[in-house]
Amino acid sequence: MKCPHCQSQTIVKNGKDYHQDGKAIQNYLCNGCGKRFNEGTETPANVVSLALKMRSEGMGVRASGRVLEKSHGSIMGWEQKLATQPPTLTPYLIN
Ligand SMILES: [Zn+2]
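Keep in mind it's a predicted model, so treat the numbers as computed, not measured.

Caption draft 1: Inspection of the overall build of the chain at higher detail. Within the chain one finds three helices and five strands. Taking the intrachain contacts of the chain between residues at least 6 apart in sequence as the baseline, contacts between residues at least 24 apart amount to 38%.

Caption draft 2: Fine view of the packing of helix H1 (residues 45–56) against helix H2 (residues 61–68). In contact at an axis separation of 9 Å, H1 and H2 are set at 145° when each is read in the N-to-C sense. Remark: the crossing between H1 and H2 carries right-handed chirality. Facing Val47, Leu50, Ala51, Met54 and Arg55 of H1, the residues of H2 in contact are Val61, Ser64, Val67 and Leu68. Of the residues belonging to the contact of H1 with H2, the class tally is seven nonpolar, one polar and one charged.

Caption draft 3: View of unusual backbone geometry. A positive phi angle is found at glutamine 7, which is not glycine, with a value near 65°. Considering the arrangement of structural elements, one finds glutamine 7 in the segment before strand E1 (11–18).

Caption draft 4: Representation of the pairing of E1 within the structure. Where burial is concerned, little of E1 is hidden: zero out of the eight residues are buried. Pairing between E1 and strand E2 (residues 24–30): six bridges, direction antiparallel. Bridge assignment links tyrosine 18 to a residue of E2, and that residue is alanine 24.

Caption draft 5: Fine view of the sheet that holds strand E3 (residues 36–38). Overall, antiparallel pairing links the three strands, which are arranged E1-E2-E3 in an open sheet. Two strands lie at the open edges of the sheet, namely E1 and E3, each paired on one side alone. Neighbour to neighbour, the strand axes of the sheet diverge by 30° on average, direction disregarded.

Conventions adopted
Residues numbered from 1 in each chain as written. Predicted model: local features only at pLDDT ≥ 70, side-chain atom pairs only at ≥ 80, totals over all residues. Helix = DSSP H or I, 4+ residues; strand = E, 2+ residues; numbered from the N terminus. Contact = placed C-beta atoms within 7 Å. Axes fitted to C-alpha atoms, helices over the stretch in contact; angles between N-to-C directions. Left-handed = near helix turned anticlockwise from the far one by under 90°. Nonpolar A, V, L, I, M, F, W, Y, C, P; charged D, E, K, R; others polar. Buried ≥ 20, exposed ≤ 12 C-beta atoms within 10 Å, placed from the backbone. Pairing = 2+ DSSP bridges.

In structure tokens form, the structure reads like this:
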């Protein structure tokens, strides 16, 4: 887990928000830049899986990035992460 703003790993848990469906969202505070963020700040898994689907259909990494408004670096990072981890264990991925 890293801060999505500054990529620092010096983060602490900072309470939880509860959604209407009862799902708890963990909040974090970054000691590096002082910003708060939560799990929802990160890229949702459906965007990541869409990116990987586009790639498997032959779209270039830059073209996929333009469609999803993500950097091609993010998409390459997701490909690398998901090559080593089962998608079920990564509901949210850091940009
Ligand atoms: Zn930070």
